[in-house]
Amino acid sequence: MYSQSMYQLGSKRSVIRETFEYGRKRKAEIGADKVFDFSLGNPSVRPPEIVNKLLKEIIDEMEPTALHGYTSAPGDPATRQAVCDSLNRRFKAGLTPDFIYMTCGAAASLSCCISALCCKGDEFIALAPYFAEYKVFTEAAGGKFRVAMPDPDTFQIDIKNLRKEICKKTKAVILNSPNNPAGVVYSEKTIKKVCKLLKDKSEKYGHPIYLIADEPYREIVFDKMKVPFLINYYDNTLVCYSYSKSLSLPGERIGYVAVSPKAEDAKGLYAAVMGAGRALGYVCAPSLFQKLVARLPEVTSDISVYKKNRDILLGGLESFGYICVPPQGAFYLFVKALEPDAYAFCEKAKKYELLLVPGDDFGCPGYVRIAYCVSTAQIENSLPAFKKLIEDYKNDRS
Ligand code: PLP
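Rules used throughout
- Residues numbered from 1 in each chain as written.
- Predicted model: local features only at pLDDT ≥ 70, side-chain atom pairs only at ≥ 80, totals over all residues.
- Heavy atoms only, no water.
- Salt bridge = Lys/Arg side-chain N within 4 Å of Asp/Glu carboxyl O.
- Helix = DSSP H or I, 4+ residues; strand = E, 2+ residues; numbered from the N terminus.
- Buried < 20%, exposed > 50% of the residue type's maximum accessible area, 1.4 Å probe, protein only.
- Phe/Tyr/Trp six-rings, centres within 6.5 Å; stacked < 30°, edge-to-face > 60°.
- Lys NZ or Arg CZ within 6 Å of the ring centre and 35° of its normal.
- Near = heavy atom within 4 Å.
- Polar contact = N/O pair within 3.5 Å; in protein donor to acceptor, adjacent residues only side chain to side chain.
- Areas by Shrake-Rupley, 256 points an atom, 1.4 Å probe, with all protein chains shown as cover.
- Nonpolar A, V, L, I, M, F, W, Y, C, P; charged D, E, K, R; others polar.
- Axes fitted to C-alpha atoms, helices over the stretch in contact; angles between N-to-C directions.
- Parallel < 35°, antiparallel > 145°, perpendicular 65-115°, else oblique.
- Left-handed = near helix turned anticlockwise from the far one by under 90°.
- Contact = heavy atoms within 4.5 Å.

Below, the discussion takes up the pattern of salt bridges. For the structure shown, the criterion picks out 26 salt bridges. Here Arg13 makes a salt bridge to Glu18, at a shortest N to O gap of 3.6 Å. Between Asp311 and Lys307 there is a salt bridge, with its nearest N and O atoms 2.8 Å apart. Of this pair, Asp311 and Lys307 both sit in helix H12 (residues 304-320), 4 residues apart, roughly one helical turn. The structure contains a network of salt bridges with shared partners spanning Asp223, Lys307, Arg310 and Asp311.

In structure tokens:
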């Protein structure tokens, strides 16, 4: 007999994957340019030219057994130093390399942090709308998953709701900004309120409540938005980062955890993250890509494409009458479904070959996510379909 909970996870595809697979079939049937697939958060912008150039240089320069061999379990020392230097340069974070743990992307970073923190009976709170895998990682670690609903008008954090969810069993709050799926960036004012709340509650319950900052979209922000670096706001913070989105390298599986040196028993906490990486089989992130990111810690792919897509899509949809959450970062648009059941709405959208994802799995029923990390041509060509879809609903009502 095998684990039934793992069977459930493995045999049931997420609604995002379901929609993507439907899109693949549909494209084979009617042609790729006729299907408006907005399901996956796979960056559409190419990695910067320098990525391939550096990869070739690294392959040519390095002795193959050294390049392709195991690195130290927490990561190559030079890579950890480069990541640390970059964070200190940009955010004056006071980090040292012994608080950086290289991982296989943000998913691994999150799993390691949650498993490192989770003791029997612990609860983890996600701020809706949230990346659906948080629940999977929390439950796999043996924790209880809880959700704090957002301010329904702005999709910023609702402090009252968060306060209600925190209890003595709370181990951590998972905060993702810029946010998937709402595209919002939590303001510094909001972050300060969250930190104050967590500090007060930690004191009240006599143990730290940690902040897990999930930041794969940190650099993808528009209109000069600033993303507060949470280690500078709250001592008991663990940052989960990934190069999947900023460098358009999601298939290469590379990222890191940065543990705040000011966290309670920071060295012990870092050791627990390393232990979780070991227990989960994540030690030694991909060697070639560790070498790569060491050489370009502050380079990103061309973010301006996402801003252009956002402007065209948001402008178009709002002009047709859709209610949208204006995105300040990442590459997702959260839109109010035109009927209460977002699944039913997504099914109707398929009539116009629009592939959208219901918000239910992100903790916000009644909304849909549009991943606009696609070609600008797809955005432009899809607008008439969005227009027909809303007209259908208007006509139904009349
Ligand atoms: N966190 C969020 C909010 C995401 O959107 C994603 C991926 O889409 C991840 C984590 C996982 O990222 P990675 O590909 O680096 O594992």
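After that view of the structure, there is still more to cover.
With that settled, consider unusual backbone geometry. In this chain, Ser177 is followed by Pro178 through a cis amide linkage whose omega measures -5 degrees. The residue Pro178 is located in the loop between strand S5 (170-176) and helix H9 (188-205) in this model. Omega for the peptide link from Asn180 to Pro181 comes to 20 degrees, which places this bond in the cis form. Here Pro181 lies in the loop between S5 and H9. Despite not being glycine, Phe155 has its phi angle at roughly 65 degrees, a positive value. The residue Phe155 is located in the loop between strand S4 (144-148) and helix H8 (159-165) in this model. Of the residues examined, Phe155 reaches a relative accessible area of 3% and is grouped as buried.

Once that is clear, we can look at the packing of aromatic side chains. A full pass over the atoms with the stated rule returns 20 aromatic pairs. Pairing Tyr217 with Tyr332 gives two aromatic rings, centres 5.6 Å apart and planes at 80 degrees, and the pair type is edge-to-face. Highlighted residues: Tyr217 in the loop between strand S6 (210-214) and strand S7 (237-242) and Tyr332 in strand S10 (residues 332-336), separated in sequence by 115 residues. This pair shows no difference in class: Tyr217 is buried, exactly as Tyr332 is. With centroids separated by 5.1 Å and ring planes inclined at 25 degrees, the aromatic side chains of Tyr241 and Tyr256 adopt a geometry described as stacked. One end of the pair, Tyr241, is in strand S7; the other, Tyr256, is in strand S8 (residues 255-259), and 15 residues separate them in sequence. Pair check on accessibility: Tyr241 and Tyr256 agree, each one buried. The lysine or arginine in question, Lys350, covers the ring of Tyr22, its NZ or CZ lying 4.3 Å from the ring centre.

Taken together, 15 residues sit near the ligand, with Asn180, Asp214, Tyr217, Ser242 and Arg253 positioned nearest. Between the ligand and Asn180, the relevant distance is 2.7 Å, taken from an oxygen atom to a side-chain nitrogen or oxygen of the residue. Contact distances for the ligand include 2.6 Å between an oxygen atom and a side-chain N or O atom of Ser242. Here the ligand, which alone exposes 400 Å², has 91% of that area covered by the protein. Ranked by residue count, the leading element in the shell around the ligand is helix H6 (residues 105-117), at 4 residues. Classifying every residue of the shell around the ligand by side-chain character gives 7 nonpolar, 5 polar and 3 charged.

Remark: helix H3 (residues 49-61) packs on helix H11 (residues 287-295), axes separated minimally by 10 Å, with the N-to-C direction vectors making an angle of 120 degrees. Between H3 and H11, the crossing angle belongs to the class labelled oblique. Regarding H3 and H11, the two cross each other, and that crossing is right-handed. Residues Val51, Leu54, Leu55, Glu57, Ile58, Ile59 and Glu61 of H3 pack against Leu288, Phe289, Lys291, Leu292 and Arg295 of H11.

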